[in-house]
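Spelled out, the chains give:
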Amino acid sequence: VNILKDPPEIPPPSEKDWPKEDEDFFLLDPDRKRDVLPQPVRMISKLVMQVFESAMEIIERREMLREAQKRKVQPKKCFPTAEFQVTERANCLAVSGKHIFVGLSVGLAAFNTCDFKDVCAWDAAKTEICAIHASDLGNECHVLLAVDEMGLAWLFCFHKESFLLVKILNEVEDISQRSTCVEVVLSLGGDYAGILLQGNMKAWLEIYQLPKDSWLTEMEKNARAAEELACSERESSCSSEVGTFLLQERRVSATQADIKLDPPVLLLTVRPPKPITGTSFNGPLEALKAVDDGSTLGLGYDHLIKDSQWELQEAIFRSTYQEYLEAEGVTTEEIPRHATFHFLLPSRILMEPEMKVQPDIPVGIGVHWDGNHNFCLYLLNSSPKEKADSDLKPDVVWPCAAPIACSAVSSCSRYLALAGEDATITIWDKHLGYPLSVTAILEERFIRSIHFL
């Protein structure tokens, strides 16, 4: 047995005996612990952290967008309540009263807004209708103005489930002389119709008065005749009910086919303004006499500037701004081929002292041609001498500082908005004849359309 003489002693502490791992545990940066890992493991860890941070950013962004969307006013979603089927391709449609008129690839179709059922169709000419306008005449009668693919303007009268062709407004015997209709407008109530025609490098505007009173009278006569015929057939016929119905339907159709409606009356032919040239007057007295004879101020024709003065002014202008003209290119003034026109209700400007008018029937039209500074007003009840004049002059001219780009008339026909090519919008009070406001849009902007809400 080995017996120790002295009791065991505990050795004193020493720094050499401290473990290395415990020593560095509280001295190292926690983020640098990954540095001791092998290179592939560190790369994977870094990619995972980047993916996690990107995912959190996307989640936060989507949460912010969702909260912003909740704070916005949500629009009301509207779903169709009914639908109607057409047999051919539909190109355009118009609503008048309780009917919807659709322009098809082979004609016209009418639908009832109450039950959305097909009322009738017209495909006699097998022509494609590209544009259509309709207006309610009252007594279940509607007027339709349609334009086909060849540029022909078709005038129809729709009455009690039947289309009646009144006239093709621009139809001519010689096809080479045919003009193309590019725009049609119907006045509210169907009293007047206007069509813009182009042909042989020219353009002009034709305004027609529609004899709707005679149309309504003729329709009433036809309806009474059809009812009397049906009553007489029911009383005198002794055949079966089916035979009676077929005979009645055949007689009524034949009566409707024999209706002859009065054609529209051409009131005005408005042509684009001609370029301003040298004066044809020999002196100031002759120019003043022309103004007294009815010439309109504002067009720029009644002046005393000679051709030589125009040429001298043009030469001075070109020599002064030669570098700018070369940069932008020289443009020559051309006769415009497109116009925008509106039917206007009575106002102080368009009413003469002894004129008898109705507040809901137009008394004039407002026209402006592309690239022109003037908005011209024409009276619809002009004298016969003015009707026959090929160069009809406007009754009122509103000049603008810049060429007119587009225009709009309010539903009450009192306010007129003119937008110039310089991005300036002017609101006119047509009853009083002065501007209410002028608004300038940002530079380098071109206004293509304007509307009243």
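- Going by what an unreviewed UniProt entry lists, the protein chain is known as WDR93 protein and is assigned to Drymodes brunneopygia.

## Points about the overall build of the protein chain
Reasoning step 1: Counting its regular elements, the protein chain contains eight helices and 20 strands.
Reasoning step 2: A total of 453 residues make up the protein chain; the buried ones form 34% of that total.
Reasoning step 3: As presented, the protein chain carries roughly 30800 Å² of accessible surface, and 55% of it is formed by carbon and sulfur atoms.

## Focus: the packing of aromatic side chains
Any pair of aromatic rings gets described here by the distance separating the centres and the angle formed by the planes.
Reasoning step 1: Enumeration according to the criterion identifies 13 aromatic pairs in this entry.
Reasoning step 2: With a centroid separation of 4.8 Å and 70° between ring planes, the pair formed by tryptophan 122 and phenylalanine 156 is classed as edge-to-face. Pair noted here: tryptophan 122 is in strand S4 (residues 118-122) and phenylalanine 156 is in strand S7 (residues 153-159), with a separation of 34 residues, a long-range link.
Reasoning step 3: For tryptophan 122, a relative accessible area of 11% translates into the label buried.

## Some points on the sheet that holds strand S10 (residues 192-199)
Reasoning step 1: Taken together, the four strands give an open sheet; going across it, the order is S9-S10-S11-S12, and neighbouring strands pair in antiparallel fashion. Looking at which strands have only one partner, the edges of the open sheet turn out to be strand S9 (180-186) and strand S12 (265-270). Each adjacent strand pair in this sheet contributes to an overall mean axis angle of 20°, direction not counted.
Reasoning step 2: Pairing of S10 with strand S11 (residues 202-209) involves eight bridges; the strand directions are antiparallel. Paired with glycine 199 across the two strands is lysine 202, which belongs to S11.

## Here we look at the nonpolar core
Reasoning step 1: Counting 25 residues, the largest nonpolar core has Leu145, Leu155, Ile195, Trp215 and Leu261 as the members making the most contacts within it.
Reasoning step 2: At the level of secondary structure, the elements contributing two or more residues to this core comprise strand S6 (141-148), S7, strand S8 (163-168), S9, S10, S11 and helix H3 (212-236).
Reasoning step 3: It is S6 that contributes the most residues to this core, four residues altogether.
Reasoning step 4: Leaving out residues up to four positions away in the same chain, tryptophan 215 has contacts with Leu137, Val143, Leu155, Cys157, Val166, Leu210, Leu261 and Asp262.
Reasoning step 5: In terms of nonpolar packing, the next biggest core, distinct from the first, is built from 20 residues, Leu205, Ala339, Phe341 and Val397 among them.

## Considerations on the confidence of the model for the protein chain
Reasoning step 1: Averaged over all residues, the pLDDT of the protein chain is 80; the fraction at 70 or higher stands at 78%.
Reasoning step 2: Across residues 240-257 the pLDDT falls below 50, and counting only partners more than four positions away or on other chains, this stretch makes 15 contacts in the model.
Reasoning step 3: Low confidence marks residues 384-389, where pLDDT is under 50. Its contacts with residues over four positions away, or in another chain, come to three contacts.

## Re the sheet that holds strand S18 (residues 415-420)
Reasoning step 1: Pairing is antiparallel in the open sheet, where four strands are placed in the order S17-S18-S19-S20. Each edge of the sheet is formed by a strand with only one pairing partner; in this case those strands are strand S17 (404-409) and strand S20 (434-440). Each strand axis lies, on average, 20° off the axis of its neighbour in the sheet, ignoring direction.

## Here we look at the pairing of S10
Reasoning step 1: Buried residues dominate S10, accounting for eight of its eight residues.
Reasoning step 2: The alternating pattern of S10 places Tyr192, Gly194, Leu196 and Gln198 and Ala193, Ile195, Leu197 and Gly199 on opposite faces, both of which are buried.
Reasoning step 3: Pairing of S9 with S10, which is carried by six bridges, proceeds in the antiparallel orientation. What sits directly across from valine 184, in S10, is isoleucine 195.
Reasoning step 4: As consecutive antiparallel partners, S9 and S10 are separated by five residues, and within that stretch glycine 189 has a phi angle of approximately 105°, a positive value.
Reasoning step 5: With antiparallel pairing between neighbouring strands as the criterion, S10 and S11 make up a hairpin whose turn holds two residues, including asparagine 200 at a positive phi of roughly 55°.

## As for the side chain of serine 105
Reasoning step 1: For serine 105, the location among the structural elements is in the loop between strand S2 (99-104) and strand S3 (108-112).
Reasoning step 2: Exposure remark for serine 105: the relative accessible area of 16% places this residue in the buried category.
Reasoning step 3: Residues within four places of serine 105 in sequence aside, it is in contact with Glu88, Arg89, Asn91, Thr127 and Glu128.

## Some words on a nonpolar patch on the surface
Reasoning step 1: Together, Tyr415, Leu432, Tyr434, Leu436 and Phe452 make up an exposed nonpolar region whose accessible area comes to about 430 Å².
Reasoning step 2: Note on placement: leucine 432 falls in the loop between strand S19 (424-429) and S20.

## Let's talk about unusual backbone geometry
Reasoning step 1: One non-glycine residue, asparagine 200, adopts positive backbone phi at about 55°.
Reasoning step 2: The residue asparagine 200 is located in the loop between S10 and S11 in this model.
Reasoning step 3: Take asparagine 200: its relative accessible area is 55%, and that puts it in the exposed class.
Reasoning step 4: We note that serine 413 has phi near 65°; this positive angle belongs to a residue other than glycine.
Reasoning step 5: By the secondary structure assignment, serine 413 is in the loop between S17 and S18.
Reasoning step 6: Here serine 413 falls in the buried class, since its relative accessible area comes to 4%.

## Some words on the side chain of threonine 127
Reasoning step 1: The residue threonine 127 is located in the loop between S4 and strand S5 (129-138) in this model.
Reasoning step 2: A polar contact of 3.3 Å, which involves the side chain of threonine 127, links it to the side chain of aspartate 148.
Reasoning step 3: Discounting residues that sit within four places of it in the chain, threonine 127 has contacts with Leu104, Ser105, Val106, Gly107, Trp122, Asp148, Glu149 and Trp154.

## Things to note about the pattern of salt bridges
Reasoning step 1: Evaluation of the coordinates by the stated rule reveals six salt bridges.
Reasoning step 2: Glutamate 63 serves as the salt-bridge partner of arginine 66, at 3.0 Å between the closest nitrogen and oxygen. With arginine 66 and glutamate 63 both in helix H2 (residues 39-71), this residue pair falls three residues apart, about one helical turn.
Reasoning step 3: On the basis of relative accessibility, which here comes to 40%, the residue arginine 66 falls in the partly exposed class.
Reasoning step 4: Overall, glutamate 63 belongs to the partly exposed group, its relative accessible area being 39%.
Reasoning step 5: For aspartate 191, the salt bridge goes to lysine 212, with nearest N and O atoms at 3.4 Å. Linking aspartate 191 in the loop between S9 and S10 with lysine 212 in helix H3, this pair joins segments that are 21 residues apart in sequence. Both residues of the pair, aspartate 191 and lysine 212, count as buried.

Cut-offs used in this document
Residues numbered from 1 in each chain as written. Predicted model: local features only at pLDDT ≥ 70, side-chain atom pairs only at ≥ 80, totals over all residues. Heavy atoms only, no water. Helix = DSSP H or I, 4+ residues; strand = E, 2+ residues; numbered from the N terminus. Buried < 20%, exposed > 50% of the residue type's maximum accessible area, 1.4 Å probe, protein only. Areas by Shrake-Rupley, 256 points an atom, 1.4 Å probe, with all protein chains shown as cover. Phe/Tyr/Trp six-rings, centres within 6.5 Å; stacked < 30°, edge-to-face > 60°. Pairing = 2+ DSSP bridges. Axes fitted to C-alpha atoms, helices over the stretch in contact; angles between N-to-C directions. Core = buried A, V, L, I, M, F, W, Y, C linked by side-chain atoms within 4.5 Å. Contact = heavy atoms within 4.5 Å. pLDDT = per-residue confidence, 0-100. Patch = residues over 30% accessible without salt bridge, like charges linked within 9 Å, V, L, I, M, F, W, Y side chains within 5 Å. Salt bridge = Lys/Arg side-chain N within 4 Å of Asp/Glu carboxyl O. Polar contact = N/O pair within 3.5 Å; in protein donor to acceptor, adjacent residues only side chain to side chain.

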